[in-house]
Amino acid sequence: MSKLIGGFALLFLVAGTGTGAKAGSWCAFYDASTYNCGFSSYQQCLETVRGAGGYCRPNPFQGDRRR
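All chains use their own residue numbering, which begins from 1 and follows the written sequence. Residues qualify for local features only when their pLDDT is at least 70, as the model is predicted, and side-chain atom pairs are given and counted only at 80 or more; totals for whole chains, interfaces and linings, by contrast, use all residues. With hydrogens and water set aside, each side-chain value is computed from the structure's full complement of heavy atoms.

**Observations concerning the packing of aromatic side chains**
Cut-off, in case you're wondering: Note on ring pairs: Phe, Tyr and Trp rings are taken, using the six-membered ring of Trp, and paired if centres are within 6.5 Å. Classes follow the plane angle, with under 30 degrees stacked, over 60 edge-to-face and the rest tilted. In this text, helices come from DSSP runs of H or I with a minimum length of four residues, and strands from runs of E with a minimum of two, each type numbered from the N-terminal end.
Applying the stated criterion to the full structure yields 4 aromatic pairs. Taking 5.6 Å as the distance between ring centres and 15° as the angle between the ring planes, the aromatic pair formed by Phe-29 and Tyr-55 counts as stacked. Residue Phe-29 is found in strand β1 (residues 26-31), and its partner Tyr-55 is found in strand β3 (residues 55-58); the two are separated by 26 residues along the sequence. Chaining the aromatic ring pairs together yields one cluster made of Phe-29, Tyr-35, Tyr-55 and Phe-61.

Written as structure tokens, this is what we have:
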């Protein structure tokens, strides 16, 4: 019984915490399915993809409210 209560408590804590992260204005695309849209400037994005291969472009998902 205590494992069941502990499991529910853990589930509640994990599901109840949000990061509050917001998408940035720029995305780094590394391939068709790998991208990171957490950059606030083009320069920040460019410094991240440099050497790793990839490209930067404005965030196409900014108006997307899906979660």
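Following the structure, the description resumes.
**Quick look at the state of the cysteines**
Rules: Disulfides are defined in this document as cysteine sulfur pairs within 2.5 Å.
With the rule as written, the count across this model stands at 2 disulfides. Between the sulfur atoms of Cys-27 and its disulfide mate Cys-37 the distance is 1.9 Å. Taking the sign of the S-S torsion, 110° for the link of Cys-27 and Cys-37, the bridge is right-handed. One end of the pair, Cys-27, is in strand β1; the other, Cys-37, is in strand β2 (residues 34-39), with 10 residues separating them in the sequence.

**Some points on the pairing of β2**
The cut-off we apply is this: Pairing between strands is defined by DSSP: at least two bridges between them are needed.
For β1 and β2, the ladder comprises 4 bridges, and the chain directions are antiparallel. The partner of Asp-31 across the bridge, within β2, is Thr-34.

**Brief notes about the sheet that holds β2**
Note the cut-off: Axes here refer to lines fitted to C-alpha atoms; in helices the fit is confined to the stretch in contact. Angles between the N-to-C directions go from 0 to 180 degrees. By the convention used here, residues are in contact when the closest approach between their heavy atoms is within 4.5 Å.
Read from one edge of the open sheet, 3 strands run β2-β1-β3, paired in antiparallel fashion. Only two strands of the sheet have a single partner each, and these edge strands are β2 and β3. Taken over all neighbouring pairs, the strand axes of this sheet differ in orientation by 30° on average, direction set aside. Set on the sheet, helix α2 (residues 42-49) makes contact with β1, β2 and β3; between it and β1 the angle comes to about 20°.

**Overview of the pattern of salt bridges**
Applicable threshold: The salt bridge definition used is simple: a Lys or Arg side-chain nitrogen within 4 Å of an Asp or Glu carboxyl oxygen. Only protein chains enter the accessibility calculation, which uses a 1.4 Å probe; a residue whose area is less than 20% of its type maximum is buried, one above 50% is exposed, and one in between is partly exposed.
One pass over the structure, following the stated rule, counts 1 salt bridge. As a salt-bridge pair, Arg-50 and Glu-47 come within 3.0 Å of each other at their nearest N and O atoms. The exposure class of Glu-47 is partly exposed, given its relative accessible area of 43%.

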